[in-house]
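# Fold and geometry: a report
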Amino acid sequence: MQNINILCECPCGAIKFYLKKPPLIRFHCHCKICQKLYNSAYNDVVVIQSKNVLLGQNEVEFNKYRRPPALDRGICVQCKSPVIGFLRGIPGLGLAFINVNNIQDKSSLEGPLGHIFYHRKKEHIVDELPKFKGYWKSQIKLCHWIIIKLLAS
Ligand SMILES: [Zn+2]
Ligand SMILES: [Zn+2]
């Protein structure tokens with residue numbers, strides 16, 4: 001099995017961590033939490049299994065923003081930027097969410113699958129990607145994307 005170790009960093013560089021595999025999926029999230037955390041119209045984000053993340057002994061503060069499902073969002077103690085989020089609600093399956101800007105080598109990333117929480121959009125996005133509106137439609141689509149990839153891996 002190839003060992004690739006993709007380097008990830010927070011904007012100030014104080015937090016460094018690695019991905020042992022390329023992420024499962026990438027998508028654009030327009031939810032209010034992402035808009036607030038990233039101070040932008042949407043979050044360009046990837047999902048990877050937590051077991052494939054090497055976070056190490058970094059100074060990351062974790063906050064739970066919303067439940068269910070509870071996503072522990074890690075913030076860099078120094079630059080206060082979001083570093084990584086962990087979803088621990090599903091037994092036996094830990095998932096990590098990482099903003100694409102924190103991934104140094106983007107060559108291993110696939111294109112985004114679509115936009116979710118698009119009913120919360122701050123601006124219209126003109127692209128070919130599918131757009132999903134509504135809380136449950138967005139959640140179900142996200143689960144669907146992840147399950148398809150997990151079954152194929
Ligand atoms: Zn979001
Ligand atoms: Zn930082």
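What you see is a predicted model, and the numbers here were worked out from it, not measured in a lab.

## Notes on the pairing of strand β9 (residues 93-99)
Within a regular beta strand, the side chains point alternately toward one face of the sheet and then the other, so they alternate between its two faces. Of all seven residues in β9, six are buried; the element is thus mostly enclosed. As paired elements, strand β4 (residues 43-49) and β9 share five bridges and run antiparallel to each other. Counterpart to Gln-49 in the pairing with β9 is Leu-95. Bridge count for strand β8 (residues 82-90) against β9 is four bridges, and the pairing is antiparallel. Residue pairing for β9: Ile-90 is matched across the bridge by Leu-93. What sits between β8 and β9 in their antiparallel hairpin is a turn of two residues, with Gly-92 showing a positive phi close to 80 degrees.

## Thoughts on the coordination of the zinc ion (ligand 2)
Taken together, Cys-10 (SG), Cys-12 (SG), Cys-76 (SG) and Cys-79 (SG) make up the protein donors of the zinc ion (ligand 2), found 2.3 to 2.4 Å from the metal. Each of the four donor atoms bound to the zinc ion (ligand 2) contributes to angles spanning 104 to 118 degrees, and the resulting shape is tetrahedral. Each donor residue of the zinc ion (ligand 2) lies on the same chain, and together they follow the pattern C-x1-C-x63-C-x2-C. Taken together, the residues Cys-12 in the loop between β1 (6-9) and β2 (16-19) and Cys-76 in strand β7 (residues 71-76) connect sequence positions 64 residues apart.

What counts and what doesn't
Residues numbered from 1 in each chain as written. Chains lettered and ligands numbered in written order. Predicted model: local features only at pLDDT ≥ 70, side-chain atom pairs only at ≥ 80, totals over all residues. Heavy atoms only, no water. Buried < 20%, exposed > 50% of the residue type's maximum accessible area, 1.4 Å probe, protein only. Helix = DSSP H or I, 4+ residues; strand = E, 2+ residues; numbered from the N terminus. Pairing = 2+ DSSP bridges. Donors = N, O, S within 2.8 Å, 3.2 Å for Na, K, Ca; no water. Tetrahedral: all angles 85-135°; square planar, octahedral: opposite > 155°, others 65-115°.

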